[in-house]
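Next come the chains, spelled out residue by residue.
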Amino acid sequence: MAPATDRARWQWLAAGRALRRLVLVVVFVALLLDNMLLTVVVPIVPTFLYTTEYEATNSSAAPAPPALKVPPFSSVFSYFDNTTVTVPGSTITPELVTGTESSRPPQPPASSPPPPSGCPEGEEFLANENVRVGLLFASKALVQLVVNPSVGLLTNRIGYHTPMFVGFIIMFLSTLMFAFSGSYTLLFIARALQGIGSSFSSVAGMGMLASVYTDDIERGNAMGIALGGLALGLLIGAPFGSVMYEFVGKSSPFLVLAFLALLDGVLQLCILQPSKISPESTKGTPVFTLLRDPYILVAAGALCFSNMGVAMLEPTLPIWMMQTMCSPKWQLGMAFLPASVSYLVGTNLFGILGTKMGRWLCSLVGMAVVGVSLLCVPLARDIYGLIGPNGGLGFAIGMVDSSMMPIMGYLVDLRHTSAYGNVYAIADVAFCMGFAIGPSTGGAIVRAVGFPWLMIVIGVINIAYAPLCWYLRNPPAKEEKIAILSQECPMQTKSYTAQKNLRDFPLTDDSDVEAENAE
């Protein structure tokens, strides 16, 4: 009876591995956890550094004048009868010694309570903290920027399964390090380590989806759902971090994320078989060849500049709220809630509508709305004034992301070889450039010219870049490119066929044997 039960269990697991939807679930969960960790630190790090560094340094400032020590028996001259009286005692104040006790007015207490507004002190410290927090947040993207090309080449050689699992292990270690780090240096290292894990997870995950969903419409829908996991992570991360930090403690949100990461690792072990090596059957187009494609560069630029706006907000908006709105800790994360909710709606909505409206048009409109929303952020006077600008910002970035990620795979199928590791490494590099340049330069710009001018600069850049998305309206195929170079009439076609016979699903045990028999 037991062998039959075990056989049925393994047959169920093998049948489950043959479902494309399970791969979509794995990628969804991986992106969810990655972006929860990305944003959970946003409200925690500024206030944690302020508490541990500024308040700890200034807590012992200006002590009250000490009492004067006197011998056990002291001589005090009495002006009443011009005699000297010996009295027992251990301490007297300077006023008693000089006889000026009655002539001095009552002194205020040495430490006065904080002002009713609750605004943090230390304007100079907060100004410098903009730069430090920006560099800490940018460290993840900088490391990810360096690692991404290597991960793209690795996926072409060994497949997507093993890099996905390596990404989980590194993310788990980074989460534990965040939980128990008590200094700026350790937090910086943990953030950089997260960049390595995120590079493995995102490049391998999006490449896996592109290889499984070969139809352009299905691919767009699947990537819209996967980006919904990214959006849900952004949605939950900042509010979850601020509430847990305020009422439970700094380590609590990271320990919860570490537990969820363990569950994700078990899910990957059951579905992806990370010990299995499944290299691409077709040699992928080199990264440098893809980088010379102007259409891929336009798509990557749209991803970079649209996400650079929210990347600049992450380190600077909480500090600006502390200075101008005197916001408590829990509001620093809640300010990003409208952007996260609208991003979740935008990615799921335009993953489907993008194929009907035209993905180029969705991206063009989305970048324009990103620019206008950023221009409106400095007009807010309280947290409720941020709802409209942040909501529009998240919805517009969802339009751009859910349109550009399928376009990257479509351009590779149309103009290059249908191997997706390198092109999604470029897409992730575009994300990372936005999240590296944004926080690292945003803090310095705020310190130099102020937060409102920072929003004006990045908003105008997005509005100016938006018309370039028009060039993605009808990109030429590889045959059309040859015809143009030969001065022949190009074919006007909007459809394409894959350049190789792709397997329905690359994760089953018999898929490699079937592919060899087909050859």
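Conventions used here
Residues numbered from 1 in each chain as written. Predicted model: local features only at pLDDT ≥ 70, side-chain atom pairs only at ≥ 80, totals over all residues. Heavy atoms only, no water. Helix = DSSP H or I, 4+ residues; strand = E, 2+ residues; numbered from the N terminus. Buried < 20%, exposed > 50% of the residue type's maximum accessible area, 1.4 Å probe, protein only. Contact = heavy atoms within 4.5 Å. Areas by Shrake-Rupley, 256 points an atom, 1.4 Å probe, with all protein chains shown as cover. Salt bridge = Lys/Arg side-chain N within 4 Å of Asp/Glu carboxyl O. Patch = residues over 30% accessible without salt bridge, like charges linked within 9 Å, V, L, I, M, F, W, Y side chains within 5 Å. Expected span 1.5 Å × (residues − 1). Arc of directions from axis to C-beta. Phe/Tyr/Trp six-rings, centres within 6.5 Å; stacked < 30°, edge-to-face > 60°. pLDDT = per-residue confidence, 0-100. Axes fitted to C-alpha atoms, helices over the stretch in contact; angles between N-to-C directions. Parallel < 35°, antiparallel > 145°, perpendicular 65-115°, else oblique. Left-handed = near helix turned anticlockwise from the far one by under 90°. Nonpolar A, V, L, I, M, F, W, Y, C, P; charged D, E, K, R; others polar. Core = buried A, V, L, I, M, F, W, Y, C linked by side-chain atoms within 4.5 Å. Domains from an automatic or database assignment.

A look at the overall build of the protein
If you tally the helices and strands in the protein, you get 19 helices and four strands. Classification of the 519 residues of the protein by burial places 51% in the buried group. The contacts of the protein with a sequence gap of at least 6 include a subset with a gap of at least 24, amounting to 84%. A total of about 23,900 Å² of accessible surface is found on the protein, and carbon and sulfur atoms cover 67% of it.

As for the pattern of salt bridges
One pass over the structure, following the stated rule, counts one salt bridge. Put simply, Arg415 and Asp293 hold a salt bridge, and the shortest N to O gap is 2.8 Å. Remark: Asp293 occurs in the loop between helix 10 (287–291) and helix 11 (294–324) and Arg415 occurs in helix 15 (residues 387–415); sequence separation between them is 122 residues.

Notes on a nonpolar patch on the surface
On the surface, Val372, Leu375, Val449, Trp453, Ile456, Val460 and Ile463 cluster together into a nonpolar patch covering about 590 Å² of accessible area. Where the nonpolar patch is concerned, the elements lending two or more residues are helix 14 (359–376) and helix 17 (451–465). With four residues, the top contributor of residues to the nonpolar patch is helix 17. Mapped onto the secondary structure, Ile456 falls in helix 17.

Here we look at helix 17
Look at helix 17: 22 Å from first C-alpha to last across 15 residues, which is about the 21 Å you get at 1.5 Å a residue. When we look at burial in helix 17, the residues that qualify are Phe451, Leu454, Met455, Ile458, Gly459, Asn462 and Tyr465. Relative to the axis of helix 17, the buried residues are bounded by an arc of 130 degrees and lie together on one face. Relative to its buried face, helix 17 has exposed residues pointing more than 90 degrees away, namely Trp453 and Ala464. In the core, the buried residues of helix 17 are packed alongside helix 11, helix 14 and helix 16 (421–449).

Side note on the packing of aromatic side chains
The final tally for this structure, using the stated rule, is eight aromatic pairs. Each ring, one from Phe168 and one from Phe172, has its centre 6.5 Å from the other, and the planes form 35 degrees; the classification is tilted. Pair noted here: Phe168 and Phe172 are both in helix 6 (residues 161–180), with a separation of four residues, about one helical turn. Ring centres of Tyr184 and Phe188 lie 6.3 Å apart, and the angle between their planes is 40 degrees; on these two criteria the pair is classed as tilted. Remark: Phe188 and Tyr184 occur in helix 7 (residues 184–212); sequence separation between them is four residues, near one turn of the helix.

Examining the confidence of the model for the protein
Predicted coordinates in regions of low pLDDT should not be interpreted in detail. Scored by pLDDT, the protein comes out at a mean of 75, with 71% of its residues at no less than 70. In the predicted structure, residues 64–70 sits below a pLDDT of 50 and forms 14 contacts with residues beyond four places in sequence or in another chain. pLDDT under 50 marks residues 89–117. Its contacts with residues more than four places away, or in other chains, come to 23 contacts.

A closer look at the packing of helix 16 against helix 17
Packing of helix 16 against helix 17 brings their axes to within 7 Å, and their N-to-C directions diverge by 125 degrees. The angle between the axes of helix 16 and helix 17 places the two elements in the oblique class. For the element pair helix 16 and helix 17, the recorded crossing hand is right-handed. Judged by residue contacts, Gly442, Ile445, Val446 and Val449 of helix 16 engage Phe451, Trp453 and Leu454 from helix 17. For the contact of helix 16 with helix 17, the class distribution of residues is six nonpolar, one polar and no charged.

Quick look at the packing of helix 2 (residues 20–40) against helix 7
The interhelical angle for the contact between helix 2 and helix 7, taken along N-to-C directions, is 155 degrees, at an axis separation of 10 Å. The orientation of helix 2 relative to helix 7 falls into the category roughly antiparallel. The way helix 2 lies across helix 7 gives a crossing that is left-handed. Residues Arg20, Val23, Leu24, Val27, Leu31, Asp34, Leu37 and Leu38 of helix 2 form the contact with helix 7, whose own contacting residues are Arg191, Gln194, Ser198, Ser202, Gly205, Met206, Met208, Leu209 and Val212.

Let's talk about helix 14
Each α-helix turn comprises 3.6 residues. Residues three or four places apart therefore point the same way. For helix 14, which comprises 18 residues, the first-to-last C-alpha distance of 26 Å matches the rise-based estimate of 26 Å (1.5 Å per residue) to within 8%. Within the sequence span of helix 14, burial applies to Arg359, Trp360, Cys362, Ser363, Gly366, Met367, Val370, Gly371, Ser373 and Leu374. Considered in projection along helix 14, the buried side chains sweep an arc of 165 degrees and stay on one side of the axis. For helix 14, the secondary structure elements touched by its buried residues are helix 8 (216–247), helix 11, helix 13 (337–357), helix 15 and helix 17.

Considerations on the nonpolar core
One recurring pattern in soluble globular proteins is that nonpolar side chains are buried together. Core analysis: the largest hydrophobic core is formed by 109 residues, its most contacted members being Leu313, Leu317, Met321, Met404, Met405 and Tyr424. The biggest single contributor to this core is helix 11, with 16 residues. Two domains each provide a minimum of three residues to this core, namely domain 1 (9–55 + 121–273) and domain 2 (287–485). Leave out the neighbours within four places in its chain, and Leu317 touches Ala335, Phe336, Val377, Leu386, Asn390 and Phe451.

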